[in-house]
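Understanding the architecture of this molecule
What follows is the residue order along each chain.
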Amino acid sequence: MGEQLVVVNFKTYETAHGIAAEELARAMASIETDARMIAVVSAFDLSAVVAAAPNLEVWTQHLDPIAFGSNTGWLHPETAISRGASGTIINHAEHKVSLEHVAMILDSVPEDFTVCACAADIEEARALTALQPNYVAVEPPELIGGDVSVTTADPEIVISTAAAISEINENVGILCGAGVKNGEDVAMAIQLGTSGVLLASGVTKVADPVSALADLVSKI
Ligand code: G3P
């Protein structure tokens, strides 16, 4: 079995921005686990989070395929990399982009930079897999932020998307997300054919993130 990922998207949760983002990153770094733990942070918090938790893998939440120059407000991949990002998610349900945008990002980043493209359904997962990102994460939008994990609410979408991705390109890793809260959900995600999970509120909105994180990796 390959490596297993627990990817925590900080989004713009109040409990995961600014100083709180640094604290949450330190909490993630304190968890002893064989899982590959990744914090996905706001571009504004990138440098501070990398400084606060130098051994933690840190990704951005979005990038734009632009060159240096007059591009006000866009997120240049090289700036993210120079500030310590080692990967990004792209095309999240809350920040959709075109397939061309994803393809251009993949063309512009170095080989050791991880790109996880998010898909709402199996068709989108197929299209994104053809672009050869490192990972495709399937997240049914209606389950995002909810209390029931995709692995319980709709295991079939995880199984069928995992099968579809492997059929197109077995080198593209598979994640699932939406409603993931605990170690049972992570274990189920892996059992259904993924390499792990992409989650947010199960860590960012709980009273005790350290316990939540420890529970998430407890069955890995
Ligand atoms: O990027 C992860 C996300 O969309 C899932 O959010 O809160 O359902 O874990 P959540």
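Read on for a plain summary of the structure. (Residues numbered from 1 in each chain as written. Predicted model: local features only at pLDDT ≥ 70, side-chain atom pairs only at ≥ 80, totals over all residues. Heavy atoms only, no water.)

Digging into the site of the ligand
What counts is decided by this rule: Consider each residue's heavy atoms; a residue with any of them within 4 Å of a molecule or strand counts as near. Polar contact criterion, stated in full: a pair of N or O atoms within 3.5 Å, where within protein one must be able to donate a hydrogen and the other to accept it, and residues adjacent in sequence count only if both atoms are side-chain atoms. In these tables, accessible area is a Shrake-Rupley quantity obtained with a 1.4 Å probe, and a residue counts as shielded only by the protein chains included in the view. Whether a set of points on the 1 Å grid over the protein atoms alone is a cavity depends on a 1.4 Å probe fitting there but being unable to get out, while an open set qualifies as a pocket with protein on both sides within 12 Å along at least five of seven lines; lining residues are those with an atom within 4 Å of a point. Each molecule is assigned to a cavity or pocket provided more than half of its atoms lie within 2 Å of the corresponding grid points. In this classification, the charged set is Asp, Glu, Lys and Arg, the nonpolar set is Ala, Val, Leu, Ile, Met, Phe, Trp, Tyr, Cys and Pro, and all remaining amino acids, among them Gly, are polar.
What surrounds the ligand is the set N9, K11, H92, E139, I144, G145, A178, G179, L198, L199, A200 and S201. Interatomic distance of 3.0 Å between a side-chain N/O atom of N9 and an oxygen atom of the ligand. G145 is positioned with one of its backbone polar atoms (N or O) 2.7 Å from an oxygen atom of the ligand. Within the complex, 100% of the 310 Å² of free accessible area of the ligand lies under protein. The site holding the ligand turns out to be the largest cavity. A class-by-class count of the residues in the shell around the ligand yields 5 nonpolar, 5 polar and 2 charged.

Some remarks on the packing of helix α5 (residues 122-129) against helix α7 (residues 155-168)
Between two packed helices, the angle of one axis relative to the other and the distance separating the axes together describe the packing. Stated precisely, the cut-off is as follows: Geometry is summarised by axes, namely lines fitted to C-alpha atoms with helices restricted to the contacting stretch, and by angles between N-to-C directions that run from 0 to 180 degrees. Labels follow the DSSP assignment, with helices taken as runs of H or I lasting at least four residues and strands as runs of E lasting at least two, numbered in each case from the N terminus. Between 65 and 115 degrees an angle is taken as roughly perpendicular, under 35 as roughly parallel, over 145 as roughly antiparallel, and anywhere else as oblique. Helix crossings get a hand from a simple test, with the near helix turned counterclockwise from the far one by less than a right angle marking a left-handed crossing and a clockwise turn marking a right-handed one. Throughout, a residue-residue contact means that at least one pair of heavy atoms, one from each residue, lies within 4.5 Å.
The N-to-C vectors of α5 and α7 enclose an angle of 25°; their axes lie 9 Å apart at closest approach. Considering the angle they form, α5 stands roughly parallel to α7. As α5 packs across α7, the resulting crossing turns out to be right-handed. For the pair α5 and α7, contact is made by I122, A125, R126 and T129 and by S160, T161, A164, I165 and I168, respectively. Split by residue class, the contact of α5 with α7 holds 5 nonpolar, 3 polar and 1 charged.

A few points about the sheet that holds strand β3 (residues 57-60)
The criterion, for reference: In this analysis, strands are considered paired if DSSP registers two or more bridges between them.
Pairing is parallel around the closed barrel formed by 8 strands, whose spatial order is β1-β2-β3-β4-β5-β6-β7-β8. The sheet shows a mean angle of 25° between the axes of neighbouring strands, direction not considered. Here strand β1 (residues 5-9) pairs with strand β8 (residues 196-199) via 4 bridges, running parallel. Bridge pairing in β8 places V6 opposite V197. In the packing of α5 onto the sheet, the strands contacted are β5 (114-119) and β6 (135-138), and the crossing angle to β5 comes to about 155°.

Regarding the environment of A16
Using the following cut-off: For each residue, the accessible area found with a 1.4 Å probe, counting protein chains only, is set against the maximum for its type, and the residue is called buried under 20%, exposed over 50%, and partly exposed in between.
Its location among the elements puts A16 in the loop between β1 and α1 (19-30). A relative accessible area of 3% places A16 in the buried class. C-alpha separation for the pair A16 and V41, spaced 25 residues apart in sequence, amounts to 8.2 Å. The residues touching A16, leaving out its near neighbours within four places in the chain, are F10, A21, L24, D45 and T204.

Considerations on α7
Threshold: Under the convention used throughout, the expected extent of a helix is 1.5 Å for every residue step, that is, one less than its residue count. Regarding the arc, it is the one traced by the directions from the helix axis to the C-beta atoms.
With 14 residues, α7 extends 20 Å from end C-alpha to end C-alpha; this agrees with the ideal 20 Å at 1.5 Å per step. Those residues of α7 not exposed but buried are I157, V158, T161, A162, A164 and I165. Down the axis of α7, the smallest arc covering the buried residues is 165°, so these residues share one side.

A few points about α5
E124, A125, L128 and T129 are the residues of α5 that are buried. Angular distribution of buried residues about the axis of α5 spans 135°; they occupy a single face of the element. If you follow the buried residues of α5, they end up packed against α4 (99-108), β5, β6 and α7. Where α5 begins, the capping side chain belongs to D121, and its oxygen is found 3.3 Å from the backbone nitrogen of E123.

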